[in-house]
Amino acid sequence: KKAEPLRIMISGAPASGKGTQCELITDKYGLVHIAAGDLLRAEIAAGSENGKQAKEYMDKGKLVPDEIVVTMVKERLNGLDSQEKGWLLDGYPRSSSQAIALKEFGFQPDLFILLEVPEEILVERVVGRRLDPVTGKIYHLKYSPPETEEIAARLTQRFDDTEEKVKLRLHTHHQNVEAVLSLYKDITVKVNGSASKQDVFAQIDDALTQLQEQKQGKLGTV
Ligand code: AP5
């Protein structure tokens, strides 16, 4: 019999490294990555009514209303792939109402990863961030430069990645973070997110390996 799949949440301030770590986690653990921000940007790109509404909030660094976000995330969690492989929820929940909604739908995480990064580092990370529209990979001009000239030439920047907008996003984060943390304190693992990308992953990898062993242990031995 197979152990139950992992169900993980990852949280942290804007540009604390959630997306970067999710790339490494999914590579190793094969979980389905569900990122609230990515789902919203896909709606914007598709030109949907939800996307149009969401963009107005994202432009101001505010939380997009629950009516849009909650349903979107729930549908992905209900997907067969998420049920079978396990999930890695990134950037959700960001308020107690979002957390409560999730619980009501029957989704409970095994572990809540919190990336801790000092504020002065966050602004530098945001301003230098670039994305590869072809692979979806996250780069940083200084810390994770593109591997080739070809990639460098096609990199794009997110519309909310300016110094002015990250300040608004940070403000929203500070307003909401405590309410969410208090709900998951018993399953929280705090990670020093200001180390190098590999060192941050090593901390997360330890916690996930331990969790996986616990889950397999529960099945007992034959
Ligand atoms: P979202 O897209 O989730 O943005 P965010 O939370 O601000 O987080 P980021 O994606 O900016 O950063 P990250 O932590 O993933 O960092 P990354 O790995 O890229 O949300 C955007 C907006 O959508 C919100 O403002 C809100 O309006 C809306 N929204 C989203 N979820 C919502 C919800 N649940 N409810 C309502 N509204 C919602 O790293 C950043 C940079 O640093 C990169 O360049 C990277 O290369 C570099 N880097 C990463 N790790 C390291 C390292 N260890 N050392 C050096 N550099 C590093």
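This text goes with the structure placed above it.
Quick caveat, the model's predicted, so the values are computed rather than measured.

Take the site of the ligand next. Near the ligand you find 33 residues, and of these T20, K62, R94, R129 and R169 are the closest. Backbone polar atom of Y139 to an oxygen atom of the ligand: 2.7 Å apart, as the coordinates give it. Within the backbone of K197, a nitrogen or oxygen atom sits 3.2 Å from a nitrogen atom of the ligand. Protein burial of the ligand: of its 1,000 Å² of free accessible surface, 95% is covered by the chains. At the level of secondary structure, the elements contributing two or more residues to the shell around the ligand comprise α1 (18-29), α2 (36-46) and β6 (138-140). For the shell around the ligand, the element with the most residues is α2, which contributes four residues. Considering only residue class, the shell around the ligand consists of 14 nonpolar, nine polar and 10 charged.

Within the fold, Y184 resides in helix α9 (residues 163-184). Overall, Y184 belongs to the buried group, its relative accessible area being 7%. Through-space distance from the C-alpha of Y184 to that of I113 is 9.7 Å; in sequence the pair is 71 residues apart. For Y184, the residues in contact, after removing those within four places along its chain, are M9, P93, A99, P109 and F112.

Those residues of helix α3 (residues 49-59) lying buried are G51, A54 and M58. One side of α3 holds all its buried residues, which, seen down the axis, span an arc of 65°. Pointing more than 90 degrees away from the buried face of α3 are the exposed residues E49, K52 and E56. The elements touched by buried residues of α3 are α2 and α4 (66-77).

Moving on, we get to the pattern of salt bridges. Scanning all chains against the criterion turns up 18 salt bridges. Note that R7 and E4 form a salt bridge whose closest N and O atoms lie 2.6 Å from each other. Take R7: its relative accessible area is 23%, and that puts it in the partly exposed class. Salt-bridge contacts for D161 lead to R129; the nearest nitrogen and oxygen are separated by 2.8 Å. Placement of the pair is D161 in the loop between α8 (149-154) and α9 and R129 in strand β5 (residues 129-131), with a sequence separation of 32 residues.

Reading the values: the criteria
Residues numbered from 1 in each chain as written. Predicted model: local features only at pLDDT ≥ 70, side-chain atom pairs only at ≥ 80, totals over all residues. Heavy atoms only, no water. Near = heavy atom within 4 Å. Polar contact = N/O pair within 3.5 Å; in protein donor to acceptor, adjacent residues only side chain to side chain. Areas by Shrake-Rupley, 256 points an atom, 1.4 Å probe, with all protein chains shown as cover. Helix = DSSP H or I, 4+ residues; strand = E, 2+ residues; numbered from the N terminus. Nonpolar A, V, L, I, M, F, W, Y, C, P; charged D, E, K, R; others polar. Buried < 20%, exposed > 50% of the residue type's maximum accessible area, 1.4 Å probe, protein only. Contact = heavy atoms within 4.5 Å. Arc of directions from axis to C-beta. Salt bridge = Lys/Arg side-chain N within 4 Å of Asp/Glu carboxyl O.

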